[in-house]
Amino acid sequence: MQRNAWRTSSRSGSNGQCVEVRDRGVQVDVRDSKAPDAGMLSFEPAAWDTFMSSIKTEIGRS
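Criteria and thresholds
Every chain begins its residue count from 1, and numbering advances along the sequence as written. Only residues with pLDDT of 70 or above have their local features reported here, since the model is predicted, and side-chain atom pairs are shown and tallied only from 80 upward, although totals for entire chains, interfaces and linings are computed over all residues. No hydrogens and no water enter the side-chain calculation; it runs on all heavy atoms of the structure. Like-charged residues within 9 Å of one another, or nonpolar side chains (Val, Leu, Ile, Met, Phe, Trp, Tyr) within 5 Å, are grouped into patches, provided each residue has over 30% relative accessible area and no salt bridge. To measure how exposed things are, a 1.4 Å probe is used in the Shrake-Rupley method; for residues, cover is taken only from the protein chains shown. We define a salt bridge as a side-chain nitrogen of Lys or Arg found within 4 Å of a carboxyl oxygen belonging to Asp or Glu. By the criteria applied, helices consist of DSSP H or I runs no shorter than four residues and strands consist of E runs no shorter than two, each listed in order from the N terminus. Only strands joined by at least two bridges in the DSSP assignment are considered to pair. Between two residues, a contact is recorded if the distance between any of their heavy atoms is within 4.5 Å. Note on method: axes are straight lines fitted to C-alpha atoms, helices fitted across the in-contact stretch only, with angles between N-to-C directions ranging 0 to 180 degrees. We place a 1 Å grid over just the protein atoms. Points where a 1.4 Å probe fits but has no way out form a cavity, open points with protein on both sides within 12 Å along at least 5 of 7 lines form a pocket, and any residue with an atom within 4 Å of a point lines it. Grid points are joined across faces, edges and corners, and a volume is the space filled by probe spheres set on the points. Residues are grouped as follows: Ala, Val, Leu, Ile, Met, Phe, Trp, Tyr, Cys and Pro are nonpolar; Asp, Glu, Lys and Arg are charged; all remaining types, including Gly, are polar.

Colleague: Can you tell me about a nonpolar patch on the surface, naming the residues and giving the values?
Modeller: Taken together, the side chains of Phe51, Ile55 and Ile59 present a nonpolar region at the surface, about 250 Å² in accessible area. As for its placement among the helices and strands, Ile59 is situated in helix H1 (residues 45–61).

Colleague: Any chance you could break down the sheet that holds strand S4 (residues 41–43) for me, citing the residues and the numbers?
Modeller: Taken together, four strands build an open sheet; the order of strands is S1-S2-S3-S4 and the sheet is antiparallel. If you trace the sheet from one side to the other, it starts and ends with strand S1 (7–8) and S4, each paired once. Lying over the sheet, H1 contacts strand S2 (19–23), strand S3 (28–32) and S4, oriented at roughly 60° with respect to S3.

Colleague: Break down the layout of surface pockets for me, citing the residues and quoting the values.
Modeller: What the largest pocket holds in volume is close to 440 Å³. Lining the largest pocket are 15 residues, and of these Arg7, Ser9, Arg11, Trp48 and Met52 lie nearest its centre. Of all the elements in the fold, those that place two or more residues in the lining of the largest pocket are S1, S2 and H1. The greatest single-element share of the lining of the largest pocket, amounting to five residues, is contributed by H1. Classifying every residue of the lining of the largest pocket gives eight nonpolar, four polar and three charged.

Written out as structure tokens, the structure reads:
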């Protein structure tokens, strides 16, 4: 992931129902793409990696 640039998942559709993520090195930020000025959630990189791994595991079970 490119550092400090907001990106949307390649799996996001064109319906605007997605989130954007940016990696700032010391934290990973997540915001609503429909309301980017409404705030964001920030995660430590290790916590983000754990979160993403758990999602991938759950998807693999489907």
